[in-house]
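What follows is the residue order along each chain.
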Amino acid sequence: MPRKNTVSWTAMLTAYAQNGQIANARKVFDEMPNRTTASYNAMISAHIRNGCNVTEAYKLFSALDERNAVSYAAMITGFVKAGKFHRAEELYLEAPKDVVSWTAMIGGLWDGRVACARSLFDRMPERNVVSWSAMIDGYMEKGLFEKGFSLFLEMRREGFVGVNSTTMTIMFKGCGSCGGMAEGMQIHGLVLRMGFEFDSVLNNSIITMYCMFGCTDMAKKIFCDMGNKDVVTWNSLISGYVYNNEVEAAYRIFEGMPEKDLISWTAMITGFAKTGRFGKAIELFDMLKEKDDFVWTAVISGFVSNKEYEEALHWYARMNREVYRPNPLTISSVLAASAALAALNDGLQIHACVLKMSLEYNVSIQNSLVRLVNMVNEATANIPEPDSLNRSQGKDNKP
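Scope of this entry: the structure provided in the associated data block. Because the structure is a prediction, the values reported are computed rather than measured.

**Section: the environment of Glu 246**
Mapped onto the elements of the fold, Glu 246 is located in the loop between α15 (231-243) and α16 (247-256). Each residue touching Glu 246, except ones within four places of it in the same chain, is listed here: Thr 216 and Tyr 241.

**With respect to the packing of helix α13 (residues 200-212) against α15**
Between two packed helices, the angle of one axis relative to the other and the distance separating the axes together describe the packing. Running from amino to carboxyl end, α13 crosses α15 at an angle of 5°, the nearest separation of the two axes being 9 Å. Considered as vectors, α13 and α15 are oriented roughly parallel to each other. Contacts between α13 and α15 involve Ser 200, Asn 204, Ile 207, Thr 208, Cys 211 and Met 212 from the first element and Val 232, Thr 233, Ser 236, Leu 237, Gly 240 and Tyr 243 from the second. Tallied by class, residues from the contact of α13 with α15 come to six nonpolar, six polar and no charged.

**Some details on the pattern of salt bridges**
Evaluation of the coordinates by the stated rule reveals 14 salt bridges. In this structure, Lys 280 and Glu 283 form a salt bridge, with 3.4 Å as the shortest nitrogen-oxygen distance. Within this pair, Lys 280 and its partner Glu 283 are both found in helix α18 (residues 278-287), separated by three residues, close to a single helical turn. Overall, the relative accessible area of 40% leaves Glu 283 in the partly exposed class. A salt bridge links Glu 322 to Arg 318; its shortest N-O distance comes to 3.2 Å.

**Brief notes about the nonpolar core**
Counting 116 residues, the largest nonpolar core has Met 168, Ile 238, Met 268 and Ile 269 as its most contacted members. The element that contributes the greatest number of residues to this core is helix α19 (residues 293-305), accounting for seven residues. Ignoring any residue separated from it by four or fewer positions in sequence, one finds Met 168 in contact with Phe 152, Val 163, Ile 187, Leu 190, Val 191, Met 194, Phe 196 and Leu 202.

**Points about the layout of surface pockets**
Taken as a whole, the largest pocket holds about 170 Å³ of empty space. Lining the largest pocket we find Leu 313, Tyr 316, Ala 317, Asn 320, Asp 346, Gln 349, Ile 350 and Cys 353. Sorting the residues of the lining of the largest pocket by element identifies α20 (309-321) and α22 (344-356) as the ones contributing at least two each. For the lining of the largest pocket, the residue count by class is five nonpolar, two polar and one charged.

Basis of the calculations
- Residues numbered from 1 in each chain as written.
- Predicted model: local features only at pLDDT ≥ 70, side-chain atom pairs only at ≥ 80, totals over all residues.
- Heavy atoms only, no water.
- Helix = DSSP H or I, 4+ residues; strand = E, 2+ residues; numbered from the N terminus.
- Contact = heavy atoms within 4.5 Å.
- Axes fitted to C-alpha atoms, helices over the stretch in contact; angles between N-to-C directions.
- Parallel < 35°, antiparallel > 145°, perpendicular 65-115°, else oblique.
- Nonpolar A, V, L, I, M, F, W, Y, C, P; charged D, E, K, R; others polar.
- Salt bridge = Lys/Arg side-chain N within 4 Å of Asp/Glu carboxyl O.
- Buried < 20%, exposed > 50% of the residue type's maximum accessible area, 1.4 Å probe, protein only.
- Core = buried A, V, L, I, M, F, W, Y, C linked by side-chain atoms within 4.5 Å.
- 1 Å grid on protein atoms, 1.4 Å probe; cavity = no way out; pocket = protein on both sides within 12 Å on 5 of 7 lines; lining within 4 Å.
- Points joined across faces, edges and corners; volume = space filled by probe spheres on them.

Right under this line is the structure:
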C-alpha cells in the first residue's frame, strides 16, 4: 500500500468530520506525521461544525503559525456561532482584510445583528458572489424578503459580479418561504433566459418553491422534465405534495421511487398521520427497519394534530422505552398533548427531560411549557376546595 501523503491524511480527516465522527477525525489529525495549514484548517472547521467546540478549535488556531484567510474565517465563524461576538470582532480586526474574512464576519453577524452585518457589507472594498449571496441569504433567513430581493436587484444592476446557481437557489428558497410568488416566477424566467445549467440542486429548489406556493402541477412538470433525478428531487416533490395535503399524489411518487431513504419514508408517514390516516402511517412505520427521532416525531405530532392526545403520549412513552432521543419538535408536541389533557404529571416528566437535554431556552418549548401551566391552572381552578365541598354537603344534609 503506498504511503499516505498530507493531502490523503487531510482528506480522511475531512471525511470523518463530515460524517460527525469528530473523535476519529481528531485521531487522524494527531497521528499525522506532517501537518500543513490546510490540515489545521480542516480540524478547526471540524470542531466548529460538530458541536461548535470553539475551545478546541481556538487551541489549534493558536498553535498554527502560518494562518491564512480560511483559518481566520473558520475561527471567526466559530466565535459568532458560539455567541462570542467580541472575540469574533477582535479576530476580525487582526485578520487580513480580504473578501473571505469579510464574508465570514457578515455571515456570522446574521445571528442577531442585522444592521451590523449590512454596515460591514457596505464597507467592503471588494465583494464577490459569495459575499453578495451571504448578505441576500441573511435577509431571506430573517424573513426580510423585500430587503433581500432589493439587494439581489442591486447586485444585478452593478454588474461587476455575476450571479451563480447558489445565488439563484437562495432566491428560490427565499421567494418560497416568504410567499413571493410573482418574484419567484420572475427569477425562474431569468434563470431560463441566462441559460443556467439546471443541476439537481437548482431544480430541487425550484420544485420546493412552487410547492410552497401551492402550484404542485408546475412542480410536477419540472420534476418530469428533469433527466437525472436524485433522491433529494424525489423527496422534494413528495414533501411538497404532503405540504399541500395531496397525500395520494405523494404516495404515487413514493411508490415509484427507485430508491427510498429515511426522509422519503418520514415524509409519507407525516402525510398520512397529519391527515388522520393512522393505520397507513403505522403500517409504513412498522415497515421501516431503521428509525430515527424524526420518524417517531412524525407519528406523535400527527396524533397531536388530530387531537389524539393520549395516543401521542403513549407513543412518546414507547419512543423512550426503545431508547430514541426526542428532538425539540417531539418535546413541543407532547407538551401540547399534556396541556390539552391538563396532565401535570406527564408534563413534569417531560420538563425533566427538557432540563436534561438543555432545551429550556428553546422558544417553541418555552411556549409549550407556558401553555401547559396555564391549562393545568385553569383545570385546577374549577375543582372546589375540600372545605367548601364539606360545607355544601353539610347544608344539603340539614333537616
